[in-house]
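Analysis of the macromolecular model
Chain residues, written in single-letter form:
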Amino acid sequence: MIATGTCLTFALPRFSSAHGVGIVNPPITLPMDVTVVRDDGTNSPLRKIIQGRRTLLQLMFTGCSETCPLQGALFAEIQDSIAKAAGGDIQMLSLSIDPMDNARSLSTWLSRFAARKTWVAAVPSSEGINVIRTSLQRGGASTRNHSSQVYFIDELGRLVWRTEDFPSIEIVVAIMQRNGWITSGKRSIETTL
């Protein structure tokens, strides 16, 4: 957690998307027509989940026992840190890369981290997973099956920023501030660009 009145100073990456982290310029529109199954059991196009909302997205799968629990813990910490600062304007999406995941496994996974209503999980079909993953990695250096990056998706459904693998909560919050997603309010987080 970031304590009220805490002052953090660090540099955000200036890298372009060619390096796999930092600002994605030009932004990349995600494949909005891919159908996903949500943690509540509903089927919907990705568009319905992300368009019109700022979204922090992570790739995961419920059967993962190594990196995904760490990613879930990061989102839980982000959720707690930005709840008041964002006023519900930012959602988090855990997107499974395992087509065997289903609404029940996704719901159980979210429960493990005490997810609130602004944190959802979904899984596309195998084809949808490949299309989305390709969009997220376009212009980036990663060719891995599973990334531990946090992807920043704007209200238009465009990828605008990629973090490094396993970013700290301070980095994620600083990127949100830099992009105007949250204001510092009582927090004082200074970034050097």
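A short tour of the structure in this document, coming up. What you are looking at is a predicted structure, and each value in this text was computed from that prediction instead of being measured.

How each quantity is defined
- Residues numbered from 1 in each chain as written.
- Predicted model: local features only at pLDDT ≥ 70, side-chain atom pairs only at ≥ 80, totals over all residues.
- Heavy atoms only, no water.
- Helix = DSSP H or I, 4+ residues; strand = E, 2+ residues; numbered from the N terminus.
- Contact = heavy atoms within 4.5 Å.
- Pairing = 2+ DSSP bridges.
- Axes fitted to C-alpha atoms, helices over the stretch in contact; angles between N-to-C directions.
- Salt bridge = Lys/Arg side-chain N within 4 Å of Asp/Glu carboxyl O.
- Buried < 20%, exposed > 50% of the residue type's maximum accessible area, 1.4 Å probe, protein only.
- Core = buried A, V, L, I, M, F, W, Y, C linked by side-chain atoms within 4.5 Å.
- Phe/Tyr/Trp six-rings, centres within 6.5 Å; stacked < 30°, edge-to-face > 60°.
- Expected span 1.5 Å × (residues − 1).
- Right-handed = clockwise from strand over helix to strand, strands pointing away.

Summarising the element assignment, Val-150 is placed in the loop between α4 (126–137) and β8 (151–153). The sequence separation of Val-150 and Gln-71 amounts to 79 residues, and the corresponding C-alpha distance is 8.8 Å. Setting aside its immediate chain neighbours within four residues, Val-150 contacts Leu-56, Leu-57, Leu-74, Phe-75, Trp-161, Arg-162, Thr-163, Pro-167 and Val-172.

So, on to the sheet that holds strand β4 (residues 43–45). Read from one edge to the other, the open sheet built from 8 strands follows the order β2-β9-β8-β5-β6-β7-β3-β4, with strand pairing classed as mixed. Looking at which strands have only one partner, the edges of the open sheet turn out to be β2 (22–29) and β4. Across the sheet, the mean angle separating the axes of adjacent strands is 35° when strand polarity is ignored. Where helix α3 (residues 103–112) meets the sheet, it contacts β3 (35–38), β5 (54–60), β6 (90–96) and β7 (119–124), and its direction lies at approximately 150° from that of β7. Of the strands in this sheet, β2, β5, β6, β8 and β9 (158–162) are in contact with helix α5 (residues 169–178), which crosses β8 at around 25°.

Here we take up the pattern of salt bridges. Between side chains of opposite charge, pairing is possible as soon as their charged atoms come close. Overall, the coordinates contain 4 salt bridges when judged by the stated rule. Between Arg-47 and Asp-33 there is a salt bridge; the shortest N-O distance is 2.6 Å. In this pair, Arg-47 sits in helix α1 (residues 46–50) while Asp-33 sits in the loop between β2 and β3, placing the two residues 14 residues apart along the sequence. Looking at Asp-33, the relative accessible area reads 57%, which means it is exposed.

This part covers the nonpolar core. The biggest cluster of nonpolar side chains holds 30 residues, and the ones touching the most others in it are Leu-56, Ile-78, Trp-119, Phe-152 and Met-176. Elements represented by at least two residues in this core include exactly β5, α2 (68–86), β6, α3, β7, β9 and α5. Contacts of Phe-152, omitting those with residues within four sequence positions, involve Thr-55, Leu-56, Arg-158, Leu-159, Val-160, Trp-161, Thr-163, Val-172, Ile-175, Met-176 and Trp-181. Judged by nonpolar contacts, the second largest core, of 22 residues, contains Ile-28, Val-36, Val-120 and Ala-122.

Now for the packing of aromatic side chains. Per the counting criterion, the structure on display carries 5 aromatic pairs. On the numbers, 5.4 Å between centres and 55° between planes, the contact of Phe-152 with Trp-181 is tilted. Highlighted residues: Phe-152 in strand β8 and Trp-181 in the loop between α5 and β10 (188–192), separated in sequence by 29 residues. Of the two residues examined, Phe-152 and Trp-181, each falls in the buried class.

When the terminal C-alpha atoms of α4 are compared, their 17 Å separation across 12 residues agrees well with the 16 Å that a helix rising 1.5 Å per residue should span. Among all positions in α4, only Gly-128, Ile-129, Ile-132, Arg-133, Ser-135, Leu-136 and Gln-137 are buried.

Let us look at unusual backbone geometry. In the segment running from Asn-25 into Pro-26, the intervening peptide bond is cis, with an omega of 0°. Looking at the secondary structure, you find Pro-26 in strand β2. One non-glycine residue, Ala-114, lies in positive phi territory at about 55°. Positive phi outside glycine occurs at Phe-166, with the angle close to 50°. Mapped onto the fold, Phe-166 is located in the loop between β9 and α5.

This brings us to the pairing of β6. Within β6, 7 of the 7 residues are buried, which leaves it mostly tucked inside the rest of the structure. Alternating residues of β6 divide into Ile-90, Met-92, Ser-94 and Ser-96 and Gln-91, Leu-93 and Leu-95, and every residue in both groups is buried. Where β6 meets β7, 4 bridges bridge the pair, whose relative direction is parallel. Counterpart to Leu-93 in the pairing with β7 is Val-120. Each parallel crossover has a hand, and the one from β6 via α3 to β7 is right-handed.

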